[in-house]
Each structure stands twice: as C-alpha cells, then as structure tokens.
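Now for the letters of each chain:
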Amino acid sequence: MKHLSLWGLGLVLSFLGSAAMACVTPQELYLASDQRDAEHENFNKAFSCQALTNDTLEVALIALGRVGGEKAANRVLPYLSHDSAKVREAAVFALGIAGVPSMGEHLTSALKQEKAPTVKYQMALAIGNMGYSQAQQILTEIINQSEDSQEIRGALQGLINLSSFHSSRLGSFENLSSSQLYKALWQQETQLEASYLMARRNLMEMTQVNSALKELDKLPPMVQAKMVRALGNTQLNKVLPMLLTHIQKEHIGIRVNAIRGLADFPDNPAAMAGVLIALKQNDTVSQVTALQTLHNDWLDNDDVYQAVTKKLSSNNSWVQSEALMVLIRANKADGDTTQKWVNSTDPNLQRAAIAYFSKLQDEDQLQQLVKSDKAIIARGAQQALQPERETSGEPSNTPEELPDVDSIVLLNTTQGPITIQLYADTPYTSANFIRLVNDGYYDNSYFHRVIPDFVAQGGSNIGDGSGSVDYSIREELSYRSHLPGTVGMATLGKDTGGGQFFINTAPNLHLDSNYTIFGKVVEGMDNAMQLEQNDKVISAKIVAD
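Bear in mind that the values here come from a model prediction, so they are computed numbers and not experimental data.

Peer 1: Talk me through the overall build of the protein chain; I want residue IDs and the actual numbers.
Peer 2: In terms of helices and strands, the protein chain carries 26 helices and eleven strands. Over its C-alpha trace the protein chain gives a radius of gyration of 25 Å, about what one expects of a compact globule, namely 24 Å for 545 residues. In terms of its C-alpha atoms, the protein chain occupies a principal-axis envelope of roughly 75 × 60 × 40 Å. Taken over 545 residues, the protein chain has a buried fraction of 59%. Residue pairs in contact within the protein chain that sit at least 24 positions apart in sequence constitute 70% of those at least 6 positions apart. Summed over all atoms, the accessible surface of the protein chain reaches about 22,900 Å², with 46% contributed by carbon and sulfur. Each charge class in the protein chain can be summarised by its mean position, and for the 44 positive and 60 negative side chains these summaries are 4 Å apart.

Peer 1: How would you explain empty space enclosed by the protein if you had to name every residue and give the values?
Peer 2: Tallied over the full model, the rule gives two cavities of 30 Å³ or more. Considered as a void within the structure, the largest cavity measures approximately 70 Å³ in volume. Lining the largest cavity are 13 residues, with V450, P452, T505, M529 and L531 sitting closest to its centre. For the lining of the largest cavity, the elements supplying multiple residues, two or more each, are strand 5 (449-451), strand 6 (455-458) and helix 26 (525-529). Within the lining of the largest cavity, the residues separate by chemical class into eleven nonpolar, one polar and one charged. For the second largest cavity, the calculated volume is near 30 Å³. Every residue along the wall of the second largest cavity is listed here: L477, S478, R480, H482, S513, Y515 and I517.

Peer 1: Would you mind going over the sheet that holds strand 9 (residues 501-504) in detail, with residue names and values included?
Peer 2: Adjacent strands of a sheet form backbone hydrogen bonds with each other and so pair up, either parallel or antiparallel. Read across the open sheet, the nine strands follow the order 4-11-2-3-10-8-9-6-5; overall the sheet is antiparallel. Lying at the two open borders of the sheet, with one neighbouring strand each, are strand 4 (445-447) and strand 5. For this sheet the average axis-to-axis angle between neighbouring strands, irrespective of direction, equals 30°. Here strand 3 (residues 416-422) pairs with strand 10 (residues 517-523) via four bridges, running antiparallel. Bridge assignment links T419 to a residue of strand 10, and that residue is E523.

Peer 1: Now, about the packing of helix 12 (residues 191-200) against helix 14 (residues 221-233): what can you tell me, with residues and values included?
Peer 2: As a packed pair, helix 12 and helix 14 sit with axes 7 Å apart at the nearest point and diverge in direction by 30°. Put simply, helix 12 runs roughly parallel to helix 14. Viewed along their axes, helix 12 and helix 14 form a crossing whose handedness is left-handed. Of the residues in helix 14, those touching helix 12 at Q191, L192, S195, Y196, M198, A199 and R200 are V223, K226, M227, R229, A230 and N233. Grouping the amino acids of the contact of helix 12 with helix 14 by side-chain chemistry returns seven nonpolar, three polar and three charged.

Reading the values: rules and limits
- Residues numbered from 1 in each chain as written.
- Predicted model: local features only at pLDDT ≥ 70, side-chain atom pairs only at ≥ 80, totals over all residues.
- Heavy atoms only, no water.
- Helix = DSSP H or I, 4+ residues; strand = E, 2+ residues; numbered from the N terminus.
- Rg over C-alpha atoms; globule rule 2.2 N^0.38 Å.
- Buried < 20%, exposed > 50% of the residue type's maximum accessible area, 1.4 Å probe, protein only.
- Contact = heavy atoms within 4.5 Å.
- Areas by Shrake-Rupley, 256 points an atom, 1.4 Å probe, with all protein chains shown as cover.
- Lys, Arg positive; Asp, Glu negative; His and termini not counted.
- Charge placed at Lys NZ, Arg CZ, Asp CG, Glu CD.
- 1 Å grid on protein atoms, 1.4 Å probe; cavity = no way out; pocket = protein on both sides within 12 Å on 5 of 7 lines; lining within 4 Å.
- Points joined across faces, edges and corners; volume = space filled by probe spheres on them.
- Nonpolar A, V, L, I, M, F, W, Y, C, P; charged D, E, K, R; others polar.
- Pairing = 2+ DSSP bridges.
- Axes fitted to C-alpha atoms, helices over the stretch in contact; angles between N-to-C directions.
- Parallel < 35°, antiparallel > 145°, perpendicular 65-115°, else oblique.
- Left-handed = near helix turned anticlockwise from the far one by under 90°.

Here it is, written out as structure tokens:
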C-alpha cells in the first residue's frame, strides 16, 4: 500500500473490508493515528482480530509509530518476532519513528537474529534515527564487519540521521573503517548513502582522496555531487583543481557543490578566483551559490567587491538580494540601495532591505518601518524590535470521514506547470493539501525558500516564509525516501505541518523518517528544478486522473 494514489484507496478499503469485515479498515487506523491515541479502540480491534490480514497489520503498526511514545512502542514491540518479514519491517519502522531511544536495545537484539535484508536495513536505520545511546558503536560495527549490503546501507543511513537529529550522541568516527566506507561508495546498493555521509563528515584518508579524484567522473551524477562536497571537506590543495573544473559542470548538484567547496579554502587566491568565475556565469543558481559562498574578507579584494556590487543591478531580484546580503554581512552595504528597496514591490528586494535595517538596530528607523504598508518590511522591523520565535497553529481536529478527492494536483507556476500525484497512505496530509488547493490558498503564493541542490519550499502568501495557516496537522511518516521529485510537508517539529510544502530537488536522505512525504512530481520536474526564490504558484487546481 505504500505507493498507492488516492484514487486507489477506495478499492483497497473495499477489498480489505470484504476480507475481514469483523476487523478494522486502514482508514479507521489512520483516524486513530491522527488522534494520537495509542489505546484507541480501532487499534484494540486490530490487535484482537483473528482474521486481520498482514497488510492491515502493517498499517496498524506504522500508524502506532506515527502516534509515538512509550505506549505505542510497547504495543509494537511483540511484532519484532512476527513470522512475516513485511510485518517485522513495519514494526521496526514504527519503533524508529516512535521517539523512544531505549527501544534500540530491543532492535539491537533482534538484529542479531534477523535474516531478511530489508528488515535488517530498517533496523539499522531505526537504531540511528531514534537516537539510541549505543547507536554509533553498533552502526560502525555493521559497516566494518557486515557483508550484507542492505544492512550496511541501513547503518550508513542510520549514521546520517543520528548526526542530523541526535548530534549530542555522536562521538569521534575514529573506529569507523574508512576502507569499508570507501568500498561502500563503489557498490551500487550503498553508494548514495556512503557519499552522503562523507559529504557531511570529513572521513576520507589520503589514498582514498587520490583514488576518488581519478575515478570521480565514473560515479552517477547524484553520488558524484556528494563526493565533490566530500573532497572539498578535506581542504587539501590537490582537490582545488577538481573544484575549479567542476564549477561549470552541467549537472546542478555537481556545479553547486563544487562552488560551495571553494569556501573550504578561505586563504587560497585560486578559490576566490573560482568563486568570481562562478559569479560571472550566466545561470542564476551559479551566481546565487557564489554569492552565498563568499567570505567576508574576500570583499577586501577590489575585483570581488566590484563584481558583487555589479550584481545589485542584475535583472534577477534573487541575485540582487543575495548580493546585498553579502555586503550586509561584510558591513559594506550602503543605505541608498536599501532605502530604495524598502519601497520595492519585489519580495526578494524587501527581504534584503529589511535585513540591512535589522542589522543596524536603529530603533527610530525600525519604528517607522513597522508602519510600512509592505508586509515583509513591517514584519521584519517588528521582529528586529521584538524577536518572536515562529510557532505552529493550534492542532486541527481529526475529521471523522475523509472527503472523496482526486489524486492529482496541478500547480501553474511562474516557471511552468508542475503536476503532483498525492499518496493514499498519508490521507490527512493529502486531504489537507487538497482542501487548501480548493480554497485557493496556494493561488498567488510564493516559493519563498529555494536552496539549490536541496529544496524549493512553497506555501507562503507573503514571500518571506510567513503567512501560513492558523492550524497544524500531524505527521504521517512512511518508508519513502526524500529523493528528487518527492513532495514533503514543511514543519517546525513533530506534528506542526500546515500549509507549507517542499519539493525535493536533490536526494535529502537526512530528512527520511522525519518529514512526511505526501506526493511526488509526475510531470514538470524540469520546471521544479528551475524554481527560484519567490517564484509564484499562479494557480493550483485538482485535475482528473
């Protein structure tokens, strides 16, 4: 059921209902999960039913994992020894997202007996994702000693999640075999996870650096992009020529990571020259990335300073705003430009202008800007005067019944149409998205947060990330991975979703098991890849299958 679209939900429910009339339907289990009640009667019906199918049992276990907490975890625990590998896999995943680190002890014990590769993968991932106290040691031993590629893949993913969400439980990587890690890089099943971990941690030895520089172009583009970043992390001068040649590669991930890698050489004139080359390229992404990469003291170089100030007159407002942000960080911005941009109608220019005045902390000036008729300016000034942490809205009530909805949404954007297929096993997130589309919420909204080789995040009706809905919805986590084209729900923490969503434009493995994926781009991914900061959703509508 993991990849069904909403149009198929009725057929599934009909089949399961006829097969087990006395039990419980997936929709009833989704309802119990959304109410965050581990002792809900629908769970009781499921676990007491003799005729329950394994498919529905899987739904029940994952639904309990979404509830989270010790009560839910304890109800899941017995199913680690179930006869069905798919049921065990669901139980493991549920424990991994339940937020009870002590369950790692049970998973570690079960992992020693497990034979199914897919279950072993989930076990290793879950041990890291839950932040189990012994996770790093266990996952390191798997990478060093296991011959099961799926178990190794899970251990790599587990370390990625551990370092992303439980960094306080992460120590030195001195016991991790760099040769085994490098071996995983060249095996198809594990190379993406291996390159991802190496891009986030400096784990390469000198001999591996030499080998990787020679063999880099043999790797698949997404893996190659991560390895460009990993090589940059070494800060070895021998890596610099590779970065300089890759800043002009066609693949956006490779290009972006090469430019970012130049920041690892702050004292090398060649790195500064490379960023200048990127800044003069024709594409917006290279220019924006170069501006974001610049070190403050590089602006003491007249060529760099002139190149940056020239971008203030670019015909692209994203480039203009990033140029001003560079000057603000280096205390080289002037008030004439910012004063003019305060009165602009462009959200990018407004965001950069208010950043300037916020840094100045001129209280009289900010008091005047609070009165601006531009929402971004007024809100930014108010935040500078009285900082307030962004919070989510009140939790929404769980509908007793989900509406009948189509499964395809068409976003007409300023870069062209993007068609999204929604998933059935995230019913409340999908239904919320449908409801907002039907209400016109996304019409004329902004992709306010675009980070090259990461995500394009939309759903702000102002253009600075504010202006979301006044309620929150619950997470509906699943097995799916945040690969390019998947659509996720933006949150401020567990169960704080609402109106903002993001399209993954790169593999973002560290988000797996932590952010709801409720759809995927099925047409227009080339348009999604072209999205720039504060491009707009002109209109959104439901279309027939």
